[in-house]
Amino acid sequence: MLDQEGFNRWTEKYDGYVQESDEAGTYPFAGYRQVLAEIAGRVLAGPAHGKTFKAELAGHVTEPAPRVLDLGFGTATLTSYLYEQGCRIYGQDFSEKMLAVAQQKMPQARLFLGDFAEGLDPAIRAEKYDAIIATYAFHHLDDGQKAALIRELLPLLAEGGHLYIGDIAFRTRAELEKCREEAGADWDDDEIYWVYEEMKALFPELAFTPRSFCGGVLEL
């Protein structure tokens, strides 16, 4: 598993590595673009998937721009798109270099340095969000940590808001084991991937939309 310094060194080649895996349809990032597109579409559809937010146009705002919190935003591949659509972006990431890349893409975003596994910045906890998103970040947490963080995040959602997690994820333990066998030496034993049926036992309202054999979107 990469630590903070490892992520800092990886920053310059991060997007290229992900793209190669996604385009080849291989573990671990097969379906990556579809996962991000799925989350972007749901966020921009509004809190209840029925209201379309409008960005600032001609000097005025026709509807309030949604507040979006991104945990582990990395190089802001997803959030920079949402930012361009008029979303108000908040985020926390533990890589100083990735934060610098993201801030350059989103000058008005409120981005905080810190490991969300060790707690959220107080300024983040002070807000309410129309959407909270995390893409390919939670698999660095064990299942207990995932559940604890979800419970901490849900009260930060505004009325009608949603939590969207795009990640390496499987519907069943059997699907995970099959992927592990096929990946062989490429499998990362330090990462803890989602098993939807197991996490749903803790969060009955959790929904899962697969976007590849090893990735998908979880929603609460």
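Above this text you will find the structure in question.
What you are looking at is a predicted structure, and each value in this text was computed from that prediction instead of being measured.

Asks: Explanation requested: the pairing of strand E10 (residues 215–219) in the structure shown.
Replies: Each regular strand carries side chains that alternate between the two faces of the sheet. Most of E10 is tucked away: five of the five residues are buried. Burial along E10 is two-sided: Gly-215, Val-217 and Glu-219 and Gly-216 and Leu-218, pointing in opposite directions, are all buried. Pairing of strand E7 (residues 157–170) with E10 involves five bridges; the strand directions are antiparallel. Considered in E10, the bridge of Gly-166 is made with Val-217. As defined by bridge partners, strand E9 (residues 207–212) adjoins E10 across five bridges and the pair is classed as antiparallel. Among the inter-strand pairings, Thr-209 is bridged to a residue of E10, identified as Val-217.

Asks: Would you mind going over the environment of Ala-30 with me for this structure?
Replies: In this structure, Ala-30 sits in the loop between helix H1 (4–24) and helix H2 (32–44). Note on Ala-30: relative accessible area 3%, which makes it buried. A sequence separation of 11 residues divides Ala-30 from Gln-19, and the C-alpha atoms of the two residues are 9.0 Å apart. Beyond its immediate stretch of four places on either side in the chain, Ala-30 contacts Ser-21, Asp-22, Gly-25, Ser-212, Phe-213, Cys-214 and Gly-215.

Rules behind the numbers
Residues numbered from 1 in each chain as written. Predicted model: local features only at pLDDT ≥ 70, side-chain atom pairs only at ≥ 80, totals over all residues. Heavy atoms only, no water. Buried < 20%, exposed > 50% of the residue type's maximum accessible area, 1.4 Å probe, protein only. Helix = DSSP H or I, 4+ residues; strand = E, 2+ residues; numbered from the N terminus. Pairing = 2+ DSSP bridges. Contact = heavy atoms within 4.5 Å.

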